Amino acid sequence: MVTLNRIYTRTGDDGSTGLVGGARIRKNSARVEAYGDIDELNCLIGICVTVATSPSETVIHDKLKVIQNELFDLGSELATPHGSTWQGMLKTEAVHVDRLERWIDELNAPLPDLKSFVLPGGTPLNAHLHLARAVCRRAERAIVSLNDVEPVSEQVLHYVNRLSDLLFVMSRAAAHLAGAQEFLWEPGASRKV
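Predicted, not measured: the structure shown is a model, and the values here were computed from it.

Trainee: Talk me through the overall build of the chain; I want residue IDs and the actual numbers.
Mentor: For the chain, the count of helices and strands is five helices and four strands. Ordered by position from the N terminus, the helices and strands of the chain form the series β-β-α-α-α-β-α-α-β. In the chain, which comprises 193 residues, the proportion classed as buried is 40%. Long-range pairs, those at least 24 residues apart, make up 74% of the contacts in the chain with a sequence separation of at least 6. Carbon and sulfur atoms make up 55% of the accessible area of the chain, which amounts to about 11100 Å² in all.

Right, dumping it as structure tokens:
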């Protein structure tokens, strides 16, 4: 377990940060961008957890709590230099990706078929889940950019890709569970006025 007694260390004042194991890199490196986007995503999911308060949203709330912990594990994996390992290191595995796929299928089954792209909005949870989905896609792009420079676990790439799909389905499920209308894209609708 991590113990944080002192919050500021002044070691990052020069624009560097420490990775797991002690190596120092620039704060604007591809690796820091990648795990920074995962951290931001986790914060947004925390907002979604906070907003998901109705009994009908428990199924989403509980899944998001699991994802928050997995994202923290994934972030520590990204904060570990390529080729390094440490005792007790948690790695993203196929079983985690498989669970996301099961959740997608479970939440998507009762939803009406889509006949257009979905616009964010309808309920606070729906809108926040859409925002989390967009940040997840940005995190995925950052991880792909890191992978272009240093290899990243294939399962990390799969997990983040699948997670954005799950967040999309969760946004739709949130509207459905609340009995709220989904806003569908109407191509050129604003040009008709």
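Trainee: Account for the pattern of salt bridges, naming residues and giving values.
Mentor: Taken as a whole and judged by the stated rule, the model has nine salt bridges. Its salt-bridge partner being Arg99, residue Glu70 comes within 2.5 Å of it at the nearest N-O pair. Of this pair, Glu70 sits in helix 2 (residues 58-78) while Arg99 sits in helix 3 (residues 94-108), and the two are 29 residues apart along the sequence. For Glu70, a relative accessible area of 11% translates into the label buried. Each of Asp37, Glu40 and Arg138 takes part in a single network of salt bridges with overlapping partners.

Trainee: Which residues make up the side chain of Asn126, and what values do they have?
Mentor: As for its placement among the helices and strands, Asn126 is situated in helix 4 (residues 124-149). Judged by its relative accessible area of 0%, Asn126 falls in the buried class. Ignoring anything within four residues of it in the chain, the contact list for Asn126 reads Pro120, Gly121, Ser171, Arg172, Ala174 and Ala175.

Trainee: I'd like a rundown of the environment of Ser29, residues and numbers included.
Mentor: Structurally, Ser29 is set in the loop between strand 2 (24-26) and helix 1 (30-51). In the structure, Ser29 is positioned 117 residues away from Leu146 in sequence and 8.7 Å away in space, judged by C-alpha atoms.

Trainee: Break down the packing of helix 2 against helix 5 (residues 154-178) for me, citing the residues and quoting the values.
Mentor: Axis separation between helix 2 and helix 5 bottoms out at 12 Å; the angle between their running directions is 160°. Regarding the angle of helix 2 to helix 5, the classification is roughly antiparallel. Helix 5 is crossed by helix 2, and the crossing has left-handed handedness. Across from Val59, Ile60, Lys63, Leu64, Ile67, Glu70, Leu71, Leu74, Glu77 and Leu78 in helix 2, the residues of helix 5 making contact are Val156, Tyr159, Val160, Leu163, Leu166, Leu167, Met170, Ala173, Ala174 and Leu177.

Trainee: Which residues make up the nonpolar core, and what values do they have?
Mentor: Core analysis: the biggest nonpolar cluster contains 44 residues, and Leu64, Ile67, Leu78 and Leu163 have the highest contact counts within it. Those elements that provide at least two residues to this core are helix 1, helix 2, helix 3, helix 4 and helix 5.

Trainee: Pulling in residues and values, what's your account of helix 4?
Mentor: An ideal rise of 1.5 Å per residue puts 38 Å on 26 residues; helix 4 measures up with 38 Å between its terminal C-alpha atoms. Those residues of helix 4 not exposed but buried are Leu125, Asn126, Leu129, His130, Ala132, Val135, Cys136, Ala139, Glu140, Ala142, Ile143 and Leu146. Contacts made by the buried residues of helix 4 are with helix 1, helix 2, strand 3 (118-119) and helix 5.

Trainee: Describe a nonpolar patch on the surface, naming the residues involved and giving the relevant values.
Mentor: A cluster of nonpolar side chains, namely Phe117, Leu119, Phe183 and Trp185, defines an oily patch on the protein surface of about 430 Å² accessible area. With respect to the helices and strands, the residue Phe183 is situated in strand 4 (residues 183-184). On the basis of relative accessibility, which here comes to 36%, the residue Phe183 falls in the partly exposed class.

Trainee: Can you break down the packing of aromatic side chains residue by residue, with the values?
Mentor: For the structure shown, the criterion picks out one aromatic pair. For the ring pair Phe117 and Trp185, a centre distance of 5.7 Å and an interplane angle of 50° mean the geometry is tilted. On the criterion of sequence distance, the pair formed by Phe117 in the loop between helix 3 and strand 3 and Trp185 in the segment after strand 4 is long-range, its members being 68 residues apart. Taking relative accessible area as the criterion, Trp185 reaches 41% and is therefore assigned partly exposed.

Trainee: Residues and numbers for helix 5, please.
Mentor: An α-helical turn contains 3.6 residues, so any two residues separated by three or four positions project in the same direction. End to end, helix 5 covers 36 Å across 25 residues, agreeing with the expected 36 Å (1.5 Å per residue, within 8%). Regarding helix 5, its N-cap is Ser153, as a side-chain oxygen of that residue lies 3.1 Å from the backbone nitrogen of Gln155 further along.

Conventions we followed
- Residues numbered from 1 in each chain as written.
- Predicted model: local features only at pLDDT ≥ 70, side-chain atom pairs only at ≥ 80, totals over all residues.
- Heavy atoms only, no water.
- Helix = DSSP H or I, 4+ residues; strand = E, 2+ residues; numbered from the N terminus.
- Buried < 20%, exposed > 50% of the residue type's maximum accessible area, 1.4 Å probe, protein only.
- Contact = heavy atoms within 4.5 Å.
- Areas by Shrake-Rupley, 256 points an atom, 1.4 Å probe, with all protein chains shown as cover.
- Salt bridge = Lys/Arg side-chain N within 4 Å of Asp/Glu carboxyl O.
- Axes fitted to C-alpha atoms, helices over the stretch in contact; angles between N-to-C directions.
- Parallel < 35°, antiparallel > 145°, perpendicular 65-115°, else oblique.
- Left-handed = near helix turned anticlockwise from the far one by under 90°.
- Core = buried A, V, L, I, M, F, W, Y, C linked by side-chain atoms within 4.5 Å.
- Expected span 1.5 Å × (residues − 1).
- Patch = residues over 30% accessible without salt bridge, like charges linked within 9 Å, V, L, I, M, F, W, Y side chains within 5 Å.
- Phe/Tyr/Trp six-rings, centres within 6.5 Å; stacked < 30°, edge-to-face > 60°.
- Polar contact = N/O pair within 3.5 Å; in protein donor to acceptor, adjacent residues only side chain to side chain.

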